[in-house]
Amino acid sequence: MTTSSTTRAAGKKAAAKSTTKTSRPSVDTAKLTEQLRVKEDESPWSEEEITEVRGILLEEIEQHRVELQLAEDELDEMLRASGDGAGDDQADAGAKTAEREHEISVAANARGSLRQAEHALEQLDAGTYGICEECGNPIGKLRLQARPRATLCMTCQEKQDRH
């Protein structure tokens, strides 16, 4: 196991154990049950369902913040150590480049996932959660319960995936 994967594994364990939640203003879940749109064949959101989705999003936000911080710390460490590569052969230089590119990718993925989770939480707080950003139709409770960060209905997601 490389240093970066060891560091990342330790960070994920810390994120899983973390009990600190993002502080957010309290939201009236009873009011949200009336505001949030659902598909015609679905029951309205219950307060318990809203609370569960909110909890999942808060956990994801915390986890992605930890992952992003670890990836950025690892990149900083690599960049500081990059001057030590004098005399490296091509294989060593290539391995370092590949590891650096991997860490950049990990940081970019964590940053994107963090933005998605924060955006979904903002939509939930605003009462616009579950509305497709492409067509304006309800995304569907089942899809949102499976993927709380979803911003597109299945039809629009499939169209986007094809292009």
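Rules and cut-offs
Residues numbered from 1 in each chain as written. Predicted model: local features only at pLDDT ≥ 70, side-chain atom pairs only at ≥ 80, totals over all residues. Heavy atoms only, no water. Helix = DSSP H or I, 4+ residues; strand = E, 2+ residues; numbered from the N terminus. Buried < 20%, exposed > 50% of the residue type's maximum accessible area, 1.4 Å probe, protein only. Contact = heavy atoms within 4.5 Å. Areas by Shrake-Rupley, 256 points an atom, 1.4 Å probe, with all protein chains shown as cover. Core = buried A, V, L, I, M, F, W, Y, C linked by side-chain atoms within 4.5 Å. Expected span 1.5 Å × (residues − 1). Salt bridge = Lys/Arg side-chain N within 4 Å of Asp/Glu carboxyl O. pLDDT = per-residue confidence, 0-100. Axes fitted to C-alpha atoms, helices over the stretch in contact; angles between N-to-C directions. Parallel < 35°, antiparallel > 145°, perpendicular 65-115°, else oblique. Left-handed = near helix turned anticlockwise from the far one by under 90°. Nonpolar A, V, L, I, M, F, W, Y, C, P; charged D, E, K, R; others polar. Patch = residues over 30% accessible without salt bridge, like charges linked within 9 Å, V, L, I, M, F, W, Y side chains within 5 Å. Lys, Arg positive; Asp, Glu negative; His and termini not counted. Charge placed at Lys NZ, Arg CZ, Asp CG, Glu CD.

Peer 1: How would you sum up the overall build of the chain? Please name residues and give values.
Peer 2: Along the chain, the regular secondary structure elements total six helices and zero strands. When the helices and strands of the chain are listed from N to C terminus, the series reads α-α-α-α-α-α. Considering the chain as a whole, with its 163 residues, one finds that 34% of them fall into the buried category. Partitioning the contacts of the chain with sequence separation of at least 6, the portion at a separation of at least 24 is 65%. Carbon together with sulfur atoms contributes 49% to the accessible area of the chain, which is approximately 10100 Å² in total.

Peer 1: Explain the nonpolar core residue by residue, including any values.
Peer 2: Formed by 27 residues in total, the largest nonpolar core has its most connected members in Leu36, Trp45, Leu124 and Tyr129. Among the elements of the structure, helix 3 (47-81) and helix 4 (90-126) are those that each provide at least two residues to this core. Setting aside residues up to four positions removed in sequence, tryptophan 45 forms contacts with Thr33, Leu36, Arg37, Val38, Ile50, Val53, Tyr129, Lys141, Leu144 and Gln145.

Peer 1: Requested: an account of helix 4, with residues and values cited.
Peer 2: With 37 residues, helix 4 should cover 54 Å at 1.5 Å per step; its first-to-last C-alpha distance of 53 Å lies within 8% of that length. Residues Glu103, Val106, Ala107, Ala110, Ser113, Leu114, Ala117, Ala120, Leu121, Gln123 and Leu124 constitute the buried set of helix 4.

Peer 1: Any details on the environment of leucine 142? Residues and values, ideally.
Peer 2: Looking at where leucine 142 falls in the secondary structure, it is placed in helix 5 (residues 141-146). It is 9.8 Å that separates the C-alpha atoms of leucine 142 and valine 38, two residues lying 104 residues apart in sequence.

Peer 1: Mind laying out the pattern of salt bridges, listing which residues take part and the relevant values?
Peer 2: As enumerated under the stated definition, the model contains five salt bridges in all. Across the pair arginine 54 and aspartate 125 runs a salt bridge whose closest N-O atoms are separated by 2.8 Å. A residue pair is termed long-range when its members are at least 10 positions apart, and arginine 54 in helix 3 and aspartate 125 in helix 4 qualify at 71 residues. On the basis of relative accessibility, which here comes to 23%, the residue aspartate 125 falls in the partly exposed class.

Peer 1: Residue-level account of the confidence of the model for the chain, with values.
Peer 2: Taken over all residues, the pLDDT of the chain has a mean of 82, while the share at 70 or more is 80%. The least confident element of the chain, judged by mean pLDDT, is helix 1 (residues 3-17) at 47; the most confident is helix 6 (residues 154-162) at 94. Note on residues 1-10: pLDDT under 50 across the span, and eleven contacts to partners over four residues away in sequence or across chains. pLDDT under 50 marks residues 12-23. Its contacts with residues more than four places away, or in other chains, come to eleven contacts.

Peer 1: For the packing of helix 3 against helix 4, give the residues involved together with the corresponding values.
Peer 2: Look at helix 3 against helix 4: their axes get within 8 Å of each other, and the N-to-C directions meet at 155 degrees. Taken together, the axis directions place helix 3 and helix 4 in an arrangement best described as roughly antiparallel. Pair helix 3 / helix 4 crosses with left-handed handedness. For the contact of helix 3 with helix 4, the residue count by class is 18 nonpolar, two polar and twelve charged.

Peer 1: Outline a negative patch on the surface, supporting the account with residue identities and numerical values.
Peer 2: A grouping of Asp28, Glu34, Glu47 and Glu48 is seen on the molecular surface, where their side chains present a negatively charged patch. As for its placement among the helices and strands, aspartate 28 is situated in the loop between helix 1 and helix 2 (29-35).

Peer 1: Pulling in residues and values, what's your account of the side chain of glutamine 123?
Peer 2: Its location among the elements puts glutamine 123 in helix 4. The exposure class assigned to glutamine 123 is buried, which follows from its relative accessible area of 11%. Not counting the four nearest positions on each side in its chain, glutamine 123 is found in contact with Thr128, Tyr129, Glu133 and Thr151.

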